[in-house]
Amino acid sequence: MAHINLKEITLIVGVVTACYWNSLFCGFVFDDVSAILDNKDLHPSTPLKTLFQNDFWGTPMSEERSHKSYRPLTVLTFRLNYLFSELKPMSYHLLNMILHAVVTIIFLKVCKLFLDSRSSVIASLLFAVHPIHTEAVTGVVGRAELLSSIFFLAAFLSYTKSKGPNNSIVWTPIALTVFLVAVATLCKEQGITVVGICCVYEVFIAQGYTLPLLCTTAGQFLRGKSSIPFSMLQTLVKLIVLMFSTLLLVVIRVQIIQSQLPVFTSLPSPSTPGLHHPSLQFTLRFDNPAAVSPTPTRQLTFNYLLPVNAWLLLNPSELCCDWTMGTIPLIESFLDIRNVATFTFFCFLGALGVFSLRYPSNSSKTVLMALCLMALPFIPASNLFFPVGFVVAERVLYVPSMGFCILVAHGWHKISNKSVFKKLSWVCLSLVVFTHALKTIHRNWDWESEYTLFMSALKVNKNNAKLWNNVGHALENEKNFERALKYFLQATHVQPDDIGAHMNVGRTYKNLNRTKEAEESYMMAKSLMPQIIPGKKYAARIAPNHLNVYINLANLIRADESRLEEADQLYRQAISMRPDFKQAYISRGELLLKMNKPFKAKEAYLKALELDRNNADLWYNLAIVQIELKEPNEALKNFNRALELNPKHKLALFNSGILMQESGEVKLRPEARKRLLSYINEEPQDANGYFNLGMLAMDDKKDSEAEMWMKKAIKLQPDFRSALFNLALLYSQTAKELLALPVLEELLKYYPDHIKGLILKGDILMNQKKDILGAKKCFEKILEMDPRNVQGKHNLCVVYFEEKDLLKAERCLLETLALAPHEEYIQRHLNIVRDKISASSLIEQPIFPVSKTSGNKIPTENAREIRSEPRPTQVIKTSDNKSSSKTNKQLGKDTDSETPHKTTKEIKEIEKKRVAALKRLEEIERILNGE
């Protein structure tokens with residue numbers, strides 16, 4: 001076996017780097033979204049054993065929706081990337097580039113088994129620069145091809161060492177081959193096809209048999225004229241060991257997928273955001289139309305796909321990331337001119353096959369191995385033996401292109417040996433390598449973003465509705481809804497029965513606030529769904545992303561309070577079509593909560609949890625329902641379960657912290673503070689987190705800390721009503737009333753109708769600034785907004801007394817007493833005014849100052865009773881047209897509503913203040929009566 005030298009390695013690494021340097025600046029696109037961004041198996045919090053229980057996309061192999069692509073070692077390398085750089089794409093692309101260089105170097109070593117040194121380098125260079133590889137190298141998910149190819153070639157190289165002196169068997173390389181085949185298969189399924197190449201190598205290369213010789217030997221043995229030669233028996237033993245090992249690997253693989261093939265549906269392909277990849281289910285009718293076509297259309301089309309793939313290797317000028325749907329029209333007749341290409345391809349392939357099997361020359365052996373490398377690894381993706389979820393996929397040509405490059409290098413070698421063509425052959429070769437390298441560099445930029453990728457695909461093919469949809473998604477992600485709508489509408493024109501396209505149109509209309517058109521589009525998509533026939537069992541397989549049409553339509557119409565029952569009916573219809581449709585239960589639970597049916601909402605969330613107990617959002621939503629059901633202890637337990645599954649679940653951190661704070665239990669306050677601190681670390685720009693830390697500090701009597709948090713909340717949100725009021729209240733309670741005034745001015749600038757702020761301001765103006773006129777304006781404004789406000793009315797009476805207008809004060813107190821006849825302090829004040837009127841002498845001393853202890857109403861207004869922190873009363877909503885729930889930004893932004901349910905401790909504090917206020921009033925009365 002020839003060895004490779006440092007110069008050759010340097011040349012290959014340099015060429016690969018030159019061709020793929022710009023791939024480092026590409027992002028995660030197309031299938032990368034599911035394999036990387038949405039795959040929880042990459043996270044360190046996920047146990048390593050889970051990688052060996054889930055498919056390539058992170059879905060448990062036991063689930064029906066699993067893609068059944070079992071590639072745990074590839075996912076493991078993604079996880080290593082995540083540990084190094086989390087979700088920064090550069091490291092992922094860099095590793096892919098390195099792996100492509102490694103594959104090319106090993107391929108060079110394989111080439112030297114069949115080609116001379118110069119031709120081997122040429123074959124390797126062609127492989128390094130071929131543009132067909134951009135999907136496998138620049139697309140991050142193509143790593144499965146790269147890793148599998150490394151072990152694929154290593155297994156073959158190991159097997160070539162299994163022949164010892166005198167044709168003896170060396171078992172160690174065979175054992176290593178079996179191991180490497182298993183590893184290659186754990187990277188990608190096609191790795192197992194190397195066993196077929198090893199068998200061909202053993203028979204026709206290592207043993208030097210030809211097809212005529214094998215036929216002659218077999219004929220003589222069957223006629224009893226001769227026995228099988230010992231060397232042939234040894235060959236049979238090796239082949240039997242290889243085949244048995246392969247069978248064992250296949251059995252294990254079948255057990256892993258639980259004897260189930262991927263679920264195929266007859267519905268249109270996923271055309272919703274994040275679902276333009278095969279991570280959920282195959283949809284054959286659109287993704288691979290020939291697979292569900294009748295005979296002979298199916299056979300004619302699938303056979304035609306072979307010359308199509310060969311042409312992509314020969315002329316990679318027009319490359320496309322997605323060849324599904326209408327990219328390649330079906331061949332429905334023997335008279336279709338494309339059948340000529342199929343016939344020509346098979347004739348050429350047959351001629352090469354006969355040449356390679358008939359003659360024992362080195363040239364025929366080289367051609368035979370090249371044909372094997374082209375054909376055998378391609379068989380799983382050929383559709384000839386079982387249907388797959390695509391028509392053509394450039395990434396699956398990564399290994400077959402090795403055989404193609406060997407054929408080209410071998411042909412070039414034959415031509416260049418003839419002096420008349422030598423210079424021309426070098427010129428042509430240089431031109432091919434150079435143009436291929438330029439095409440590869442240019443093609444890499446197509447993978448920079450989803451928009452560039454799908455726009456480049458549309459230049460090649462305008463008959464694929466999925467491409468129009470995906471360009472629309474890319475524009476939608478940039479909030480360019482008007483342009484996105486044009487592409488989605490074009491998708492419906494190209495493929496009128498594409499459910500996903502109509503859903504996309506509906507969602508975009510909704511984003512443009514054109515609800516009528518949105519509903520019409522959703523209804524069109526719904527009409528394309530299989531309809532339930534009364535009296536017959538519904539048994540069609542429906543992909544969850546298609547059932548989102550019911551979710552989206554229900555989410556749209558539920559904005560109308562009169563159509564809530566209609567929305568609920570849509571959720572129930574989706575559940576009837578797929579009882580395991582988790583998102584339908586989640587959305588229905590949210591609606592039932594809105595319909596004030598918390599018990600039914602609880603049932604919906606419990607059903608969803610039966611389907612997925614590892615979903616932190618579900619535990620969070622259940623906790624919200626239990627708060628509505630007045631079950632705070634159970635709610636806290638479920639918040640804790642959500643945080644066990646996702647320690648950084650922002651809403652669970654926030655709302656559980658508030659729940660602990662509101663419980664009034666001192667022992668829970670440290671944990672509440674810890675969770676709120678964790679929340680602001682996750683959401684440093686959310687003023688609500690700082691505000692609630694401030695409220696917690698006020699509970700703990702940490703006034704300076706409370707002031708700091710309130711100021712931070714106001715800095716982030718200058719019009720934060722509750723933070724402004726409570727900061728002013730904090731100042732007033734800590735004898736810093738004059739500092740409270742500018743804060744109240746700021747509050748009333750944003751909210752001039754803030755009654756409690758006006759009361760507090762009037763109180764400070766009256767008692768601290770002695771500004772009776774200013775206080776009077778505050779109280780009069782309150783009564784303009786709310787004539788029945790007892791606090792404002794009573795305090796205005798105090799102002800009249802200070803103005804020495806006793807008769808007006810008397811009338812005012814009478815009116816106040818009519819509003820609150822059970823308040824003793826009002827009657828007592830009225831009696832004092834009347835006594836002073838009858839005495840006709842005014843004591844130059846305030847009868848009853850407006851203070852924070854006048855009765856039980858002012859203290860409750862000025863006390864820290866107004867907690868406008870977001871209460872956990874909403875659930876995590878379903879994002880329109882998505883298949884998984886998303887976390888809302890922030891529940892219940894700052895409102896001015898009073899907390900409807902006070903804790904026992906707060907009630908006791910208010911009662912204490914009421915008693916103290918009454919005592920002060922009694923003292924004032926004694927002074928006024930001269931006691």
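In what follows, the accompanying structure is described. (Residues numbered from 1 in each chain as written. Predicted model: local features only at pLDDT ≥ 70, side-chain atom pairs only at ≥ 80, totals over all residues. Heavy atoms only, no water.)

1. Comments concerning the overall build of the chain
Now for step 1: When helices and strands are tallied, the chain shows 42 helices and two strands.
Now for step 2: Going through the 931 residues of the chain one by one, you find that 56% of them count as buried.
Now for step 3: In the chain, the share of contacts with a sequence separation of at least 24, taken over all contacts with a separation of at least 6, comes to 67%.
Now for step 4: Surface accessibility of the chain: about 40400 Å² in total, with carbon and sulfur atoms responsible for 60%. (Helix = DSSP H or I, 4+ residues; strand = E, 2+ residues; numbered from the N terminus. Buried < 20%, exposed > 50% of the residue type's maximum accessible area, 1.4 Å probe, protein only. Contact = heavy atoms within 4.5 Å. Areas by Shrake-Rupley, 256 points an atom, 1.4 Å probe, with all protein chains shown as cover.)

2. Details of the packing of helix H38 (residues 790–802) against helix H39 (residues 806–819)
Now for step 1: Packing of H38 against H39 leaves a shortest axis separation of 8 Å and a crossing angle of 165°. Judged by the angle between their axes, H38 and H39 are roughly antiparallel. The interaxial crossing formed by H38 with H39 has left-handed handedness. In this structure, H38 uses Val790, Lys793, His794, Leu796, Cys797, Tyr800 and Phe801 to contact H39, whose residues at the interface are Leu806, Lys808, Ala809, Cys812, Leu813, Glu815, Thr816 and Leu819. (Axes fitted to C-alpha atoms, helices over the stretch in contact; angles between N-to-C directions. Parallel < 35°, antiparallel > 145°, perpendicular 65-115°, else oblique. Left-handed = near helix turned anticlockwise from the far one by under 90°.)

3. Section: the state of the cysteines
Now for step 1: A complete count under the given rule lists one disulfide for this structure.
Now for step 2: The partner cysteine of cysteine 797 in its disulfide is cysteine 812, sulfur to sulfur 2.0 Å. Measuring the twist about the S-S bond at about -85°, one finds the cysteine 797-cysteine 812 disulfide to be left-handed. With cysteine 797 in helix H38 and cysteine 812 in helix H39, this pair connects stretches of sequence that are 15 residues apart.
Now for step 3: Accessibility expressed as a relative area gives 3% for cysteine 812, which makes it buried. (Disulfide = S-S within 2.5 Å.)

4. Points about the packing of aromatic side chains
The relative placement of two aromatic rings is captured by the distance of their centres and the angle of their planes.
Now for step 1: In total, this model carries 20 aromatic pairs according to the counting rule given.
Now for step 2: Arranged with centres 6.1 Å apart and planes meeting at 85°, the rings of tryptophan 21 and tryptophan 445 form a pair that is edge-to-face. Highlighted residues: tryptophan 21 in the loop between helix H1 (6–20) and helix H2 (32–37) and tryptophan 445 in helix H18 (residues 419–446), separated in sequence by 424 residues.
Now for step 3: Its relative accessible area of 32% is what places tryptophan 445 among the partly exposed residues.
Now for step 4: Taking the centre distance of 6.5 Å and the plane angle of 75° together, the rings of phenylalanine 114 and tyrosine 201 count as edge-to-face. You can see phenylalanine 114 sitting in the loop between helix H5 (89–111) and helix H6 (117–129) and its partner tyrosine 201 sitting in helix H10 (residues 194–206), a full 87 residues away along the chain. Side by side, phenylalanine 114 and tyrosine 201 carry an identical accessibility label, which is buried.
Now for step 5: Every member of this aromatic cluster is reached through a ring pair, and the members are Trp21, Phe25 and Trp445.
Now for step 6: Over the aromatic face of phenylalanine 56 sits the side chain of arginine 71, whose NZ or CZ is 4.9 Å from the ring centroid.
Now for step 7: Just above the ring of tyrosine 304 sits the side chain of arginine 338; from NZ or CZ to the centre is 5.4 Å. (Phe/Tyr/Trp six-rings, centres within 6.5 Å; stacked < 30°, edge-to-face > 60°. Lys NZ or Arg CZ within 6 Å of the ring centre and 35° of its normal.)

5. A short note on the nonpolar core
Now for step 1: Among the nonpolar cores identified, the biggest contains 166 residues, and Cys321, Ile328, Val392, Tyr550 and Phe639 are the most heavily contacted of them.
Now for step 2: Judged by nonpolar contacts, the second largest core, of 72 residues, contains Ile105, Leu147, Cys198 and Leu373. (Core = buried A, V, L, I, M, F, W, Y, C linked by side-chain atoms within 4.5 Å.)

6. Some remarks on unusual backbone geometry
Now for step 1: Look at the link from threonine 295 to proline 296: it is a cis peptide, with omega at 5°.
Now for step 2: Along the chain, the position of proline 296 falls in the loop between helix H13 (284–287) and helix H14 (297–314).
Now for step 3: At asparagine 513, a residue that is not glycine, the phi angle is positive and equals roughly 60°.
Now for step 4: Relative to the assigned elements, asparagine 513 resides in the loop between helix H22 (499–511) and helix H23 (515–527).
Now for step 5: Phi angles above zero are rare outside glycine, and lysine 630 is one such case at about 60°.
Now for step 6: Residue position: lysine 630 is located in the loop between helix H28 (616–628) and helix H29 (632–645).
Now for step 7: Overall, the relative accessible area of 58% leaves lysine 630 in the exposed class.

These figures capture arrangement, not role.
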